[in-house]
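# Report on the structure
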Amino acid sequence: MNRLSILALFILAVGLGAGATLYLTADEPPPTAYIIVGDTAYAYDPATSRAYVRQLERFGGKSAVLFDDLNRWFASLWVGKALGITVACLSAGAALVLFWMAKARSGGSS
C-alpha cells in the first residue's frame with residue numbers, strides 16, 4: 001500500500017467522520033417567513049412564491065429564474081444538515097480520485 005492509498009483512506013475516514021458529526025449536530029436554518037391560516041402559522045420561503053418567480057421572469061427572463069434556482073440550490077448545500085452530506089460526498093470523491101491516482105501510479109497491479 002503506497003502513500004497515496006494511505007492518504008486516501010485518511011481523507012475518507014476524516015471526511016466521513018466530520019460529515020457525520022456535522023449532520024448529527026447541525027440545526028436547520030430558521031424559516032424566513034410565515035403564512036398564517038386560521039390559528040396556525042406555516043413556514044414558507046417567499047423566494048419560491050409564484051409572484052416572486054413571475055416578477056423575476058418578467059425582468060430577467062427564464063434564464064434569470066434558472067440561475068436563481070441554481071444559486072439557491074448551491075447555497076443550500078452549505079447550511080444545516082446538508083453541509084454534513086456535502087462534506088461527506090466531497091471527501092469520498094477526493095478519496096476516490098486519490099485511490100485512482102495510486103492505482104495508476106503503481107501500474108494497475110495489486
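Described below are features of the structure shown in this document. Note that the structure is a prediction, hence the values are computed from the model and not measured.

## Some remarks on the overall build of the chain
Counting its secondary structure elements, the chain contains 3 helices and 2 strands. Listing every helix and strand of the chain by position from the N terminus yields α-β-β-α-α. For a compact globule of 110 residues, the expected C-alpha radius of gyration is about 13 Å, and the chain comes in at 21 Å, more than 25% above that figure. Reported as C-alpha extents along the three principal axes, the dimensions of the chain are approximately 65 × 35 × 15 Å. A total of 110 residues make up the chain; the buried ones form 17% of that total. Total accessible area on the chain stands at roughly 8,300 Å², and carbon and sulfur atoms take up 68% of it.

## Looking at the pairing of strand 1 (residues 33-37)
Looking at chain direction, strand 1 and strand 2 (residues 40-44) are connected through 5 bridges and run antiparallel. Bridged to Ile 36 within strand 2 is Ala 41. Taking the residues between adjacent antiparallel strands as the criterion, strand 1 and strand 2 are bridged by 2 residues, where Gly 38 takes a positive phi near 65 degrees.

## Overview of the packing of helix 1 (residues 3-25) against helix 3 (residues 81-105)
Between helix 1 and helix 3, the least distance of the axes is 7 Å, while the angle of their chain directions is 175 degrees. Relative to helix 3, the element helix 1 is oriented roughly antiparallel. Here the residues of the contact of helix 1 with helix 3 are counted per class, giving 22 nonpolar, 5 polar and 2 charged.

## Let's talk about the environment of Pro 46
Of note, Pro 46 is situated in the loop between strand 2 and helix 2 (50-76). Put simply, Pro 46 and Ala 82 are 36 residues apart on the chain and 21 Å apart in space, counted from C-alpha to C-alpha. For Pro 46, the contacting residues outside a window of four places in its chain are Thr 32, Ala 33 and Tyr 52.

## A closer look at helix 2
Taking 1.5 Å per residue as the helical rise, helix 2 with its 27 residues ought to reach 39 Å, whereas the 20 Å between its terminal C-alpha atoms falls clearly short. Where helix 2 bends most, at Gly 60, the angle is about 125 degrees. Those residues of helix 2 that sit buried are Ala 64, Val 65 and Asp 68.

## Details of the environment of Ser 76
Within the fold, Ser 76 resides in helix 2. Ser 76 gets classed as partly exposed once you look at its relative accessible area, which sits at 36%. For the pair Ser 76 and Glu 28, spaced 48 residues apart in sequence, the C-alpha to C-alpha distance is 11 Å.

## Points about a nonpolar patch on the surface
The grouping of Leu 66, Phe 67, Leu 70, Trp 73, Phe 74, Trp 78, Val 79 and Leu 90 at the surface amounts to a nonpolar patch, some 850 Å² of accessible area in total. Within the secondary structure layout, Leu 90 lies in helix 3. The class for Leu 90 is exposed, based on a relative accessible area of 52%.

The rules behind the values
Residues numbered from 1 in each chain as written. Predicted model: local features only at pLDDT ≥ 70, side-chain atom pairs only at ≥ 80, totals over all residues. Heavy atoms only, no water. Helix = DSSP H or I, 4+ residues; strand = E, 2+ residues; numbered from the N terminus. Rg over C-alpha atoms; globule rule 2.2 N^0.38 Å. Buried < 20%, exposed > 50% of the residue type's maximum accessible area, 1.4 Å probe, protein only. Areas by Shrake-Rupley, 256 points an atom, 1.4 Å probe, with all protein chains shown as cover. Pairing = 2+ DSSP bridges. Axes fitted to C-alpha atoms, helices over the stretch in contact; angles between N-to-C directions. Parallel < 35°, antiparallel > 145°, perpendicular 65-115°, else oblique. Nonpolar A, V, L, I, M, F, W, Y, C, P; charged D, E, K, R; others polar. Contact = heavy atoms within 4.5 Å. Expected span 1.5 Å × (residues − 1). Bend = angle between axes of the 7 residues up to and from the residue. Patch = residues over 30% accessible without salt bridge, like charges linked within 9 Å, V, L, I, M, F, W, Y side chains within 5 Å. Salt bridge = Lys/Arg side-chain N within 4 Å of Asp/Glu carboxyl O.

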